[in-house]
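Notes for the structure review
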Amino acid sequence: DVKVTQSSRYLVKRTGEKVFLECVQDMDHENMFWYRQDPGLGLRLIYFSYDVKMKEKGDIPEGYSVSREKKERFSLILESASTNQTSMYLCASSPGGQEGGHFGDGTRLSIL
Amino acid sequence: QQQVKQSPQSLIVQKGGISIINCAYENTAFDYFPWYQQFPGKGPALLIAIRPDVSEKKEGRFTISFNKSAKQFSLHIMDSQPGDSATYFCAASWPGYALNFGKGTSLLVTP
């Protein structure tokens, strides 16, 4: 079974901090994605990557950046955390050329 | 702009009943339409998916109906069970691209 592991289930940070969310997948998938999930808004795409060192902006990239130095790892970075970035963050991966995604269980991030 | 519109926002169904969730999309280039199921504390999990060359796909108690001309698709859960209580998301994507999700439907199946 595909396993997508997010390093933290819960995280509390302060405004202005630089925050790193880590995601690792164990199925050699080319594609990796970061979404945020908010009540009533569904899942919104922040960034995605089709290959190592490649990244593409999603629908809401402002305030975020990503890093993919190794195929199995995709990091989401909040450059200077703000309270409106309090949310559930979900990482997903999928094989190259195929749609869909296998999701991790999420990181619930609170910015105080 | 919301690429995929989902309704209803919440749904209560009695055990044994049929749960129906609807989605509509705008972009005719979408060619993959999955449904995801999410339980509290878990990430979404792929439930069933369809491509636009078929009008219906059934897997067990779960059926997707697809209407290409109306740009609509729906999830039917037959013989709904309390264990089906979860949040359901429809989605759509272009070939090999990221998913565009609906806002989700919270389903409660009462005993």
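A short tour of the structure in this document, coming up. Quick caveat: nothing in here was measured; it's all calculated off a predicted structure.

Considerations on the pairing of strand β4 (residues 33-38) of chain B
Residue and element names in this part refer to chain B. Burial runs high along β4: six of the six residues are buried. Taking every second residue as pointing to the same face, both faces of β4 are buried, with Phe33, Trp35 and Gln37 on one and Pro34, Tyr36 and Gln38 on the other. The turn linking β4 back onto strand β5 (residues 45-50) is made up of six residues, and Gly41 within it adopts a positive phi angle of 80 degrees. Where β4 lies against strand β9 (residues 86-92), four bridges are found, and the strand directions are antiparallel.

Focus: the sheet that holds strand β3 (residues 19-25) of chain B
All names here are of chain B. Read from one edge to the other, the open sheet built from five strands follows the order β1-β3-β8-β7-β6, with strand pairing classed as antiparallel. Of all strands in the sheet, those bounded by a partner on one side alone are β1 (4-7) and β6 (56-59). Taking the axes of each pair of neighbouring strands and ignoring which way they run, one obtains an average angle of 15 degrees across the sheet. Two elements, β6 and strand β7 (residues 62-67), share four bridges in a ladder whose sense is antiparallel. The residue of β7 that forms the bridge with Lys58 is Thr63.

Some thoughts on the nonpolar core
Ranked by size, the top nonpolar core spans 24 residues in total, and within it Phe33, Trp35, Phe73, Leu75, Tyr88 and Leu107 of chain B carry the most contacts. The set of elements that each furnish at least two residues to this core consists of β2 (10-14), β3, β4, β5, β7, β8 (72-77), β9 and β11 (105-110) of chain B. Per element, the largest residue contribution to this core is four residues, and it comes from β9 of chain B. Aside from chain neighbours lying at most four places away, what touches Leu107 of chain B is Leu11, Val13, Ser19, Ile77, Asp84, Ser85, Ala86 and Tyr88 of chain B. Residues Leu11, Leu21, Met32 and Leu78 of chain A belong to the second largest nonpolar core, which totals 20 residues.

Looking at the interface of chain A and chain B
Counting residues at the interface gives 20 residues for chain A, matched by 21 residues for chain B. Summed over both sides, the interface of chain A with chain B buries roughly 1600 Å², with 52% coming from carbon and sulfur. Connecting chain A to chain B are one salt bridge. Residues Lys42 of chain B and Asp105 of chain A are paired through a salt bridge, measuring 3.7 Å at the closest nitrogen-oxygen approach. Scanning the region where chain A abuts chain B turns up five residue pairs in polar contact (both at pLDDT 80 or more). Elements that contribute at least two residues to the side of chain A that touches chain B include exactly β4 (31-38) and β5 (42-49) of chain A. By residue number, the principal contributor to the side of chain A that touches chain B is β5 of chain A, which donates four residues. Along the lines of polarity and charge, the residues of the side of chain A that touches chain B split into nine nonpolar, seven polar and four charged.

Overview of the pattern of salt bridges
Residues and elements named next belong to chain A. This structure, assessed with the given rule, holds 11 salt bridges over all chains. The partner of Lys71 in a salt bridge is Asp28, and the shortest N-O contact between them spans 3.1 Å. Here Lys71 is found in the loop between β7 (64-70) and β8 (73-78), whereas its partner Asp28 is found in the loop between β3 (19-25) and β4, with 43 residues between them in sequence. In this structure, the salt-bridge partner of Lys71 is Glu30, at a minimum N-O distance of 3.4 Å. A residue pair is termed long-range when its members are at least 10 positions apart, and Lys71 in the loop between β7 and β8 and Glu30 in the loop between β3 and β4 qualify at 41 residues. Several salt bridges converge on common partners, so that one network encompasses Asp28, Glu30 and Lys71.

Cut-off values and rules
- Residues numbered from 1 in each chain as written.
- Chains lettered and ligands numbered in written order.
- Predicted model: local features only at pLDDT ≥ 70, side-chain atom pairs only at ≥ 80, totals over all residues.
- Heavy atoms only, no water.
- Buried < 20%, exposed > 50% of the residue type's maximum accessible area, 1.4 Å probe, protein only.
- Helix = DSSP H or I, 4+ residues; strand = E, 2+ residues; numbered from the N terminus.
- Pairing = 2+ DSSP bridges.
- Axes fitted to C-alpha atoms, helices over the stretch in contact; angles between N-to-C directions.
- Core = buried A, V, L, I, M, F, W, Y, C linked by side-chain atoms within 4.5 Å.
- Contact = heavy atoms within 4.5 Å.
- Buried area = accessible area lost by both parts, 1.4 Å probe.
- Salt bridge = Lys/Arg side-chain N within 4 Å of Asp/Glu carboxyl O.
- Polar contact = N/O pair within 3.5 Å; in protein donor to acceptor, adjacent residues only side chain to side chain.
- Nonpolar A, V, L, I, M, F, W, Y, C, P; charged D, E, K, R; others polar.

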